[in-house]
Amino acid sequence: MERPGPSDGSDVSGPDPQLAVTMGFTGFGKKARTFDLEAMFEQTRRTAEEMNREKELRRQNEDLEPTSSGSNVARACSKSSSRDTSSSESDESSDSSDDELIGPPLPLKMVEEPVNPMEEGVLGSLPPPLAEDVEEEDDDDGDSEEEENPVRKIPDSHEITLKHGTKTVSALGLDPSGARLVTGGYDYDVKFWDFAGMDASFKAFRSLQPCECHQIKSLQYSNTGDMILVVSGSSQAKVIDRDGFEVMECIKGDQYIVDMANTKGHTAMLHTGSWHPKIKGEFMTCSNDATVRTWEVENPKKQKSVFKPRTMQGKKVIPTTCTYSRDGNLIAAASACQNGSIQIWDRNLTVHPKFHYKQAHDPGTDTSCVTFSYDGTVLASRGGDDTLKLWDIRQFNKPLFSASGLPTMFPMTDCCFSPDDKLIVTGTSVQRGCGSGKLVFFERRTFQRVYEIDITDASVVRCLWHPKLNQIMVGTGNGLAKVYYDPSKSQRGAKLCVVKTQRKAKQAETLTQDYIITRKLLAWSLCHTSVFFSSVLLSHKPEPPVAGPGRGGRVGTHGGTLSSYIVKNIALDKTDDSNPREAILRHAKAAEDNPYWVSPAYSK
């Protein structure tokens, strides 16, 4: 089938504009450009030969003496330029015979590029650098100084205070995005704070008691931010969602079984817990039953694996804290035990620990926290012996550094690393009325005490430095949760709620109607008021409530229903119907004297 075309003799000057509009192509009907590959390859080969020839000339000029280098370079440049001009003329003459220019445009000639004095051998000193370059170098020096001094990155210029309650804030948790903060304390309460939804009043939007009458010891958001691990003084950990609804509860084990590996769960009080940093739905808990157990959210009826800390002699020791490494693959659990030792296991090997350092802290004291650095090579431990120690897990035979004089009176006093891994932060405890609790900063490289922040007149129990917000959250012993930030260094978080004004309380609105009182209306109201009072005076005294079973059709005070009245009368009836014959003969004389029921029926 042939396509319909224009009739013979018609003048076709170009594409039909109506057809181009209909098809939707702006350049409909134009001729496509064609490329000759052989010509393109030939032109590329010619260009490469010219560049190689110029490199050989430059190498010969460098080998000559410096005195004759200038004339030789000029002569070589003139020769190359004449050669280039001749070749370009020959190219143009050959290309002019073609109908169209085929291939990409020719590259710029080497002689047209700016001359580099170092390459061409030009004598003389170089010009001085511009002022802008000097200023850029000064700015770089200032940035390097700021990077070398990590104290300048501490966000402590501003703070806000969140009122949790009156008792110790023993747990803090912040989701990965930094939008919500959750606090828990000795008052059994867990409170939720939304930075984007709060105003300057700083009030929690939800409060609940997920573990009833057990103190909250640890709160942590999962790596996806949709679940919260709640560890309390009970033997069963719970997982709740972002809104506080329960997702799962770990099963309780059998406390009468000797081998704790054969039970399905913990049998004694919990200490702390931690989410796996990579695997969704896996977390870990440690307990007074001398075990560290890993769990899965999908299987709350039994733990996944059991780690049993032991002394060198094989005796049980109670783990007081546990954590995952940053990658979660090589190191599965780190546990500091009541004999002062630190034990680290491989995640897939539950029998023997990979690292074991005995008496890392004083025996008889509870190590309250162990945490890994962001690079995963250093471990920090906060001991109950008022010390903070730094360990290299690649050489786990002695601590790298140790700092003393850090009093602690709580079994959950923790420590954390700064987002750039250059600082280590921990809190100190004080007796009530004997000073103020402090947040102490140590430099990781030298372990020098570089900075301190006075928090409040109570102990500092919890501290958390969020890497995304660059804000520091602190939990204290007097029921406060403080957030430290810097408007220029921090992101979102507390900055969102401090700018919002406090909402005013809405007062109840009442609709009032104005009345117009005329002379006739006033006279009418006075008349009716006098009649009302006269009727009240002439009325009789109200009847008192009926006492007893009731009379005159009025029900007594025992109840307002007929059923209650009948029940009460039945209960008051003392007649004995144990002998039915005597009960019937009791009414024989009355029936004989006044025959009403039986005798008239049989009279006819």
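Calculation notes
- The written sequence of each chain sets the order in which its residues are numbered from 1.
- Residue-level local features of this predicted model are given only where pLDDT is at least 70; pairs of side-chain atoms are given and counted only at 80 or more, and the full residue set underlies all totals for whole chains, interfaces and linings.
- The side-chain values count all of the structure's non-hydrogen atoms but skip hydrogen atoms and water molecules.
- Put simply, DSSP marks the helices as runs of H or I at least four residues long and the strands as runs of E at least two long, and each gets a number from the N terminus on.
- We call a residue buried when its accessible area falls under 20% of the maximum for its residue type, exposed when it is over 50%, and partly exposed in between, using a 1.4 Å probe and counting protein chains only.
- Note on contacts: a residue pair qualifies if any of its non-hydrogen atoms lie within 4.5 Å across the two residues.
- Each accessible area value is a Shrake-Rupley result obtained with a 1.4 Å probe; residue values ignore everything except the protein chains displayed when judging cover.
- Strands pair, by our definition, only if DSSP identifies at least two bridges between them.
- Axis definition: a line fitted to C-alpha atoms, over the contacting stretch in the case of helices. Angles run 0 to 180 degrees between N-to-C directions.
- UniProt positions are given in the numbering used here, feature names are shortened, and annotations may be inferred rather than shown by experiment.
- Disulfides are defined in this document as cysteine sulfur pairs within 2.5 Å.
- Stacked, edge-to-face and tilted labels apply to pairs of Phe, Tyr and Trp rings (six-membered ring for Trp) whose centres lie within 6.5 Å, assigned for plane angles under 30 degrees, over 60, and everything in between, in that order.
- Our definition puts a charge over a ring when NZ of Lys or CZ of Arg is within 6 Å of the ring centre and also within 35 degrees of the ring normal.
- The patch calculation keeps residues exceeding 30% relative accessible area without a salt bridge and links them within 9 Å when they carry like charges or within 5 Å when they are nonpolar (Val, Leu, Ile, Met, Phe, Trp, Tyr).
- Basic side-chain nitrogens of Lys or Arg form a salt bridge, by our definition, when they fall within 4 Å of a carboxyl oxygen of Asp or Glu.
- The span you would expect from a helix comes to 1.5 Å times its residue count less one.
- Known as pLDDT, the predictor's per-residue confidence is scaled from 0 to 100.
- N or O atoms closer than or at 3.5 Å make up a polar contact, with two conditions inside protein: a donor-capable atom paired with an acceptor-capable one, and, for residues adjacent in sequence, both atoms drawn from side chains.

**Remarks on the overall build of the protein**
Stage number 1. A tally of regular secondary structure across the protein gives 11 helices and 30 strands.
Stage number 2. Within the protein, the fraction of its 604 residues that count as buried is 37%.
Stage number 3. Taking as baseline every contact in the protein between residues at least 6 positions apart, the subset at least 24 positions apart corresponds to 49%.
Stage number 4. Here the protein displays about 37800 Å² of accessible surface, and carbon together with sulfur accounts for 54% of that area.

**Concerning the sheet that holds strand β18 (residues 369-372)**
Stage number 1. As summarised here, the arrangement of the four strands in space is β18-β19-β20-β21, forming an open sheet in which the pairing is antiparallel. Two strands lie at the open edges of the sheet, namely β18 and β21 (401-403), each paired on one side alone. The mean inter-strand angle of the sheet, taken between neighbouring strand axes irrespective of direction, is 15 degrees.
Stage number 2. The pairing of β18 with strand β19 (residues 378-382) spans four bridges and is classified as antiparallel.

**Examining the UniProt feature "repeat: WD" (unreviewed entry) in the protein**
Stage number 1. The feature "repeat: WD" (unreviewed entry), as annotated in UniProt, sits at residues 162-194, 263-305 and 370-394 in this numbering.
Stage number 2. Within residues 162-194, the helical portion is 0% and the strand portion 58%, while the C-alpha atoms at the span's ends are 11 Å from each other.
Stage number 3. Helix makes up 0% of residues 370-394 and strand 52%, with an end-to-end C-alpha separation of 16 Å.

**Structural notes on the state of the cysteines**
Stage number 1. Here the structure, examined in full by the defined rule, presents zero disulfides.
Stage number 2. Take cysteine 211: it sits in no disulfide, and the sulfur closest to it among the cysteines is that of cysteine 213, at 9.7 Å.

**As for the packing of aromatic side chains**
Stage number 1. Within the structure shown, the criterion is met by 11 aromatic pairs.
Stage number 2. The interplanar angle of 65 degrees and the centroid separation of 5.4 Å between the aromatic rings of tryptophan 275 and phenylalanine 283 together place this pair among those described as edge-to-face. For the pair formed by tryptophan 275 and phenylalanine 283, the shared burial category is buried.
Stage number 3. Of the aromatic side chains, those joined through ring pairs into one cluster are Phe355, Tyr357, Trp391 and Phe396.
Stage number 4. Note that arginine 326 overlies the ring of tyrosine 374, its terminal NZ or CZ placed 4.1 Å from the centroid.

**So, a nonpolar patch on the surface**
Stage number 1. A contiguous nonpolar surface patch, about 630 Å² in accessible area, is contributed by Tyr596, Trp597, Val598 and Tyr602.
Stage number 2. Summarising the element assignment, tyrosine 596 is placed in the loop between α10 (588-593) and α11 (599-602).

**With respect to the sheet that holds strand β1 (residues 158-163)**
Stage number 1. Within the open sheet, the four strands sit side by side as β1-β28-β27-β26. Their pairing is antiparallel. In this open sheet, the two strands that pair with only one neighbour each are β1 and β26 (460-466). Averaged over all neighbouring strand pairs, the angle between strand axes comes to 20 degrees, with direction disregarded.
Stage number 2. Of the pairings in the sheet, the one linking strand β27 (residues 471-476) to strand β28 (residues 480-485) comprises four bridges and is antiparallel in character. What sits directly across from isoleucine 472, in β28, is tyrosine 484.

**Observations concerning the pattern of salt bridges**
Stage number 1. A full pass over the atoms with the stated rule returns 21 salt bridges.
Stage number 2. Across the salt bridge formed by aspartate 243 and arginine 206, the nearest N and O atoms sit 3.8 Å from each other. Note that aspartate 243 is positioned in the loop between β8 (238-241) and β9 (246-249) and arginine 206 in strand β5 (residues 206-208), a separation of 37 residues in sequence.
Stage number 3. Under the relative-accessibility criterion, arginine 206 is labelled partly exposed at 30%.
Stage number 4. For glutamate 282, the salt bridge is made with arginine 347, and the minimal N-O distance between the two is 2.9 Å. Here glutamate 282, found in strand β11 (residues 282-287), pairs with arginine 347, found in the loop between β16 (342-346) and β17 (355-357); they are 65 residues apart in sequence, far enough to count as distant.

**Comments concerning helix α2 (residues 37-63)**
Stage number 1. Over its 27 residues, α2 extends 40 Å from the first C-alpha to the last, a length consistent with the 39 Å expected when each residue adds 1.5 Å.
Stage number 2. Turning to α2, its buried residues are Gln43, Thr47, Glu50, Glu54 and Asn61.

**Thoughts on unusual backbone geometry**
Stage number 1. One non-glycine residue, phenylalanine 202, adopts positive backbone phi at about 55 degrees.
Stage number 2. Mapped onto the fold, phenylalanine 202 is located in the loop between β4 (190-194) and β5.
Stage number 3. Judged by relative accessible area, phenylalanine 202 falls into the buried class, the value being 18%.
Stage number 4. Phi at alanine 290 takes a positive value of approximately 65 degrees, unusual for a residue other than glycine.

**Here's the deal with the confidence of the model for the protein**
Stage number 1. Model confidence for the protein is summarised by a mean pLDDT of 78, while 68% of its residues fall at 70 or above.
Stage number 2. A low-confidence stretch, residues 1-13 stays under pLDDT 50, and its non-local contacts, those more than four residues away or across chains, total one contact.
Stage number 3. The low-confidence segment residues 66-104, where pLDDT is below 50, has 22 contacts with residues more than four positions distant or belonging to other chains.

**Concerning the environment of arginine 394**
Stage number 1. As for its position among the elements, arginine 394 is in the loop between β20 (388-392) and β21.
Stage number 2. Distance in space between the C-alpha atoms of arginine 394 and threonine 377 is 7.0 Å, their sequence separation being 17 residues.

**Some thoughts on the environment of serine 201**
Stage number 1. Here serine 201 is to be found in the loop between β4 and β5.
Stage number 2. Along the backbone, serine 201 and threonine 501 are 300 residues apart, and their C-alpha atoms lie at a distance of 8.1 Å.
Stage number 3. A polar contact is formed between the side chain of serine 201 and the side chain of aspartate 199, at a distance of 2.4 Å.

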